[in-house]
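For reference, the chains in residue letters:
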Amino acid sequence: QVQLVESGGGLVQPGGSLRLSCAASRSILLIFTMGWYRQAPGKQRELVAVITHSDSANYADSVKGRFTISRDNAKNTVYLQMNNLKPEDTAVYYCNANGVLSSPTGNYWGQGTQVTVSS
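Residues numbered from 1 in each chain as written. Predicted model: local features only at pLDDT ≥ 70, side-chain atom pairs only at ≥ 80, totals over all residues. Heavy atoms only, no water.

Draft legend 1. A look at the packing of aromatic side chains. Under the defined criterion, the tally for this structure stands at one aromatic pair. Arranged with centres 5.0 Å apart and planes meeting at 65°, the rings of Tyr37 and Trp109 form a pair that is edge-to-face. Placement of the pair is Tyr37 in strand S4 (residues 31-39) and Trp109 in strand S10 (residues 103-109), with a sequence separation of 72 residues. Take Trp109: its relative accessible area is 31%, and that puts it in the partly exposed class. Over the ring of Trp109 we find Arg45; its NZ or CZ atom is 3.7 Å from the centre of that ring. (Phe/Tyr/Trp six-rings, centres within 6.5 Å; stacked < 30°, edge-to-face > 60°. Helix = DSSP H or I, 4+ residues; strand = E, 2+ residues; numbered from the N terminus. Buried < 20%, exposed > 50% of the residue type's maximum accessible area, 1.4 Å probe, protein only. Lys NZ or Arg CZ within 6 Å of the ring centre and 35° of its normal.)

Below, the structure written as structure tokens:
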């Protein structure tokens, strides 16, 4: 089973930047898709960004142009660079791994990391 550990969350002022990291316990070369989701209080969890096995990235409209998802295969880590943060970005951010080569139906989640954007 793939274990995911997020880090990098914290408190930042509007317009600031933050980089989230997601470390996987297995080689991410074996994972079909990895992504970042977020859930604000009282809201449903939503997709923020996803990166495929071929490094093709897609973003939610609300973060497009501000956030960048990337992966470092050597470090088994996926990142989410967040720039020009807005108060509405405040949420718990979760790392997700969907589809592992040895288990195509596998779906895994990290514990989450809190991001708070406030002045």
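Draft legend 2. Main features of the nonpolar core. Residues Leu4, Met34, Trp36, Leu80, Met82 and Tyr93 are the most contacted members of the largest nonpolar core, which totals 30 residues. Of all the secondary-structure elements, those providing two or more residues to this core are strand S3 (18-24), S4, strand S5 (46-52), strand S7 (67-72), strand S8 (77-82), strand S9 (91-100) and strand S11 (113-117). Top element by residues in this core is S9. It accounts for five residues. In this view, Tyr93 contacts Glu6, Leu20, Trp36, Tyr37, Arg38, Val48, Phe67, Leu80, Met82, Gly112, Thr113 and Val115; residues no more than four positions away in its chain are not counted. (Core = buried A, V, L, I, M, F, W, Y, C linked by side-chain atoms within 4.5 Å. Contact = heavy atoms within 4.5 Å.)

Draft legend 3. Quick peek at the state of the cysteines. What the rule picks out here adds up to one disulfide. One disulfide bridge connects Cys22 with Cys95, the sulfur atoms lying 2.0 Å from each other. Between Cys22 and Cys95, the S-S torsion sits near -80°, and that sign places the bridge as left-handed. Here Cys22, found in strand S3, pairs with Cys95, found in strand S9; they are 73 residues apart in sequence, far enough to count as distant. (Disulfide = S-S within 2.5 Å.)

Draft legend 4. Here's a closer look at the pairing of strand S1 (residues 4-7). Side-chain alternation along S1 places Leu4 and Glu6 on a buried face and Val5 and Ser7 on a face that remains uncovered. Two strands pair when backbone bridges link them, and S1 and S3 are joined in this way by four bridges, in the antiparallel orientation. Note on S3: the bridge partner recorded for Val5 is Ala23. (Pairing = 2+ DSSP bridges.)

Draft legend 5. Fine view of a nonpolar patch on the surface. A cluster of nonpolar residues, Leu29, Leu30, Phe32 and Leu101, forms a patch on the protein surface that exposes about 360 Å² of accessible area. Turning to its location among the elements, Leu30 is positioned in the loop between S3 and S4. Taking relative accessible area as the criterion, Leu30 reaches 38% and is therefore assigned partly exposed. (Patch = residues over 30% accessible without salt bridge, like charges linked within 9 Å, V, L, I, M, F, W, Y side chains within 5 Å. Areas by Shrake-Rupley, 256 points an atom, 1.4 Å probe, with all protein chains shown as cover. Salt bridge = Lys/Arg side-chain N within 4 Å of Asp/Glu carboxyl O.)

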